[in-house]
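# Remarks on the overall topology
The chain contents come next:
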Amino acid sequence: MRITMVGTGYVGLVTGTCFSNIGNDVTCLDIDPKKIEKLHNGISPIYEPGLDELIKRNVKANRLHFTTNKAEAYQKAEIIFICVGTPSDEAGHADLKYVLAAAADIGDAIERGPGDTGGDVDERRAKIIVVKSTVPVGTNAKVKAEIAKRTKKPFKMASNPEFLKEGAAINDFNKPDRVVIGCEDKGTGDRLRDLYEPFVRQGHPIFVMDVPSAEMVKYAANAMLATKISFINEIANLCEAYGADIDEVRRGMCSDKRIGNQFLYPGLGYGGSCFPKDVLACVAMGEKSETPTTLLKSVHQVNQRQRQAFIAKIESHFRSLPDHPGLAGKKIAVWGIAFKPGTDDVREAPSITIMQHLVKAGATIVAYDPVAHETAHHFMNDTITYASDPMAAIDGADALIICTDWDEFKQPDFEGIKSRMASPVVFDGRNIWRREAAREFGFVYHSVGREPVLGEQACLWQ
Ligand SMILES: NC(=O)c1ccc[n+]([C@@H]2O[C@H](COP(=O)([O-])OP(=O)(O)OC[C@H]3O[C@@H](n4cnc5c(N)ncnc54)[C@H](O)[C@@H]3O)[C@@H](O)[C@H]2O)c1
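Quick look at the structure, then. (Residues numbered from 1 in each chain as written. Predicted model: local features only at pLDDT ≥ 70, side-chain atom pairs only at ≥ 80, totals over all residues. Heavy atoms only, no water.)

## Section: empty space enclosed by the protein
The criterion, for reference: Cavities and pockets were defined on a 1 Å grid built over protein atoms only: a cavity is a set of grid points that admits a 1.4 Å probe from which the probe cannot escape, a pocket is an open set flanked by protein on both sides within 12 Å along at least five of seven lines, and lining residues are those with an atom within 4 Å of any such point. Grid points are joined across faces, edges and corners, and a volume is the space filled by probe spheres set on the points. Throughout, the ten residues Ala, Val, Leu, Ile, Met, Phe, Trp, Tyr, Cys and Pro are labelled nonpolar, Asp, Glu, Lys and Arg are labelled charged, and all others, Gly among them, are labelled polar.
In this structure the tally under the stated criterion is one cavity of 30 Å³ or more. Lining the largest cavity are V131, S133, T134, V135, S159, P161, E215 and K218. Here the residues of the lining of the largest cavity are counted per class, giving three nonpolar, three polar and two charged.

Written out as structure tokens, the structure reads:
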């Protein structure tokens, strides 16, 4: 099939590449010429494990193309996937300006285009415009209206929310737990089912449903996952207040099959470009329809508070120092900037909130992330410096903060860390170190939902 992906971000580039990899002819369109130039030079504008290789292979096979030429990309496509961003606006609503701009371009291109959809063309061969971006219920109807304003030629609409996870996106797309297709007629559903059939050979389902339900599935799934994270963080905070250990509580709780153990890890809360905005979009949908979303408002509040509580822990430690209390002039090392491991995405990352706060309080930050320095610079500018490896970041540091659970931080050289830091104080926002190891090597160690290790603290400052 001839496919055009609109937007070469985390979703459009990965899904477009995977569609091309099974033999489709795919064009990835973006309005950002820098991204397209990079792609023409064989460089992926995002970090996603395995993606560079897959892009190279399919470009070489002449199945994967990149362009900024809208008219050409839209006119030649049989199926167009809109994969542009839907960030929160100031009121928390999903901002549809990119989606509707793409719809307008598509309408213009169809109208001006020659080809297969003109005149009394067979309806069954009309272009399908698929909204893959995460959008509030009712958006497909708006996209359809926007296109229909600009052309009388036939086209079909569909919703196809994407469930891939950054860091495991290629595998998620190639072997999805399910595919959700929302459409208005059987023919469109069948054509999209054909496209996805090669990805579900292992028996995973393709659900074809009405458009509003398909739009809602994605929000419901993300809201559920965000709820699990806020839930376990709230329990972790109670553990901390009462001297219980969240690791033990988690084990005891999650062995109940009805609960399960996925997505129930305490930490700094969720970040990234999806959960925060999607929870807010659900709340905004509730407000618009006067439907209470009490639970989801709390999920959001708990998540915001989690970062603040962690910052308060750091501040409290530095306030208690006898000689030079406070954060001003302190050197802080940060390990991990990406909102989770496996990606360079730092949108809504807890690390950014924490670093911005510490910089404001006068601390000097030296940060290390295996892949996210470039994306972090966009938010932090030159207010922090970046180390070339984790050990270089901690040289002379008054504290180390772990913000992302990259594997390489899990079993470090504890002895080396301790000897290179000015004081061996660690704030582990992801609970990736064992408390026993921290105690054994003489760290002051704060984590989430577990009692701090303060063993040598008394003698540290004497
Ligand atoms: N990132 C994820 O893990 C993920 C997962 C599932 C769903 N989603 C959803 O998918 C959508 C896209 O997310 P993303 O993270 O890939 O976004 P992104 O910001 O990484 O990429 C969006 C791209 O669209 C381009 N663009 C904007 N307007 C355009 C236009 N008119 N024509 C062509 N290109 C245009 C931008 O330049 C950008 O490159 C969002 O709605 C998001 O919620 C994201």
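There's more to say after this.
## Some words on the site of the ligand
Formally: When at least one non-hydrogen atom of a residue lies within 4 Å of a molecule or strand, that residue is treated as near it. N or O atoms closer than or at 3.5 Å make up a polar contact, with two conditions inside protein: a donor-capable atom paired with an acceptor-capable one, and, for residues adjacent in sequence, both atoms drawn from side chains. For every accessible area listed, the method is Shrake-Rupley and the probe measures 1.4 Å; residues are considered covered only by the protein chains on display.
Close contacts around the ligand come from 26 residues, with D30, K35, T86, E166 and K277 the closest. Take T134: an N or O atom from its main chain is 2.9 Å from an oxygen atom of the ligand. Taking 840 Å² as the accessible area of the ligand by itself, protein coverage stands at 91%. Here the shell around the ligand is composed, by residue class, of 11 nonpolar, seven polar and eight charged.

## Structural notes on helix 8 (residues 186-196)
Test applied: The rule is simple: take the accessible area with a 1.4 Å probe, protein chains only, and divide by the maximum for that residue type; under 20% is buried, over 50% is exposed, in between is partly exposed. By the criteria applied, helices consist of DSSP H or I runs no shorter than four residues and strands consist of E runs no shorter than two, each listed in order from the N terminus. Think of the arc as the fan of directions from the helix axis to the C-beta atoms.
Listed as buried for helix 8 are T188, G189, R191, L192, L195 and Y196. All buried residues of helix 8 fall inside an arc of 165° around its axis, so they share one side.

## Some details on the pairing of strand 13 (residues 425-428)
For clarity, the threshold we go by: For two strands to be treated as a pair, DSSP must find at least two bridges joining them. The definition of a right-handed crossover adopted here requires that, viewed with the strands pointing away, the path from the first strand over the helix to the second runs clockwise.
Of the two faces of strand 13, the one carrying V425 and F427 and the one carrying V426 and D428 are both buried. The sheet contact formed by strand 12 (residues 399-402) and strand 13 spans three bridges and is parallel. Bridge assignment links L400 to a residue of strand 13, and that residue is V426. One crossover worth recording links strand 12 to the parallel strand 13 by way of helix 16 (residues 414-420), and it is right-handed. As paired elements, strand 13 and strand 14 (residues 444-446) share three bridges and run parallel to each other. Bridge pairing in strand 14 links V425 to V444.

## Looking at the pairing of strand 1 (residues 2-6)
Judged by how many residues are buried, strand 1 sits mostly within the fold: four of five residues are covered. Strand direction decides the pairing type here: strand 1 and strand 2 (residues 25-29), joined by five bridges, are parallel. Bridge assignment links M5 to a residue of strand 2, and that residue is C28. Pairing between strand 1 and strand 4 (residues 79-82): four bridges, direction parallel.

## Looking at the pattern of salt bridges
Oppositely charged side chains are able to pair whenever their charged atoms sit close together. To be explicit about the condition: Think of a salt bridge as a Lys or Arg side-chain nitrogen and an Asp or Glu carboxyl oxygen that are within 4 Å of each other.
Summed over all chains, the structure comprises 21 salt bridges. Between R2 and E78 there is a salt bridge whose closest N-O contact spans 3.8 Å. Taken together, the residues span a long stretch of sequence, with R2 in strand 1 and E78 in the loop between helix 4 (70-76) and strand 4 at a distance of 76 residues. Taking relative accessible area as the criterion, R2 reaches 33% and is therefore assigned partly exposed. Given the relative accessible area of 26%, E78 is considered partly exposed. Ionic pairing is found between R258 and D256, a salt bridge with its closest N-O pair at 2.8 Å. Look at R258 and you get exposed, because its relative accessible area is 76%. The class of D256 is partly exposed, set by a relative accessible area of 23%.

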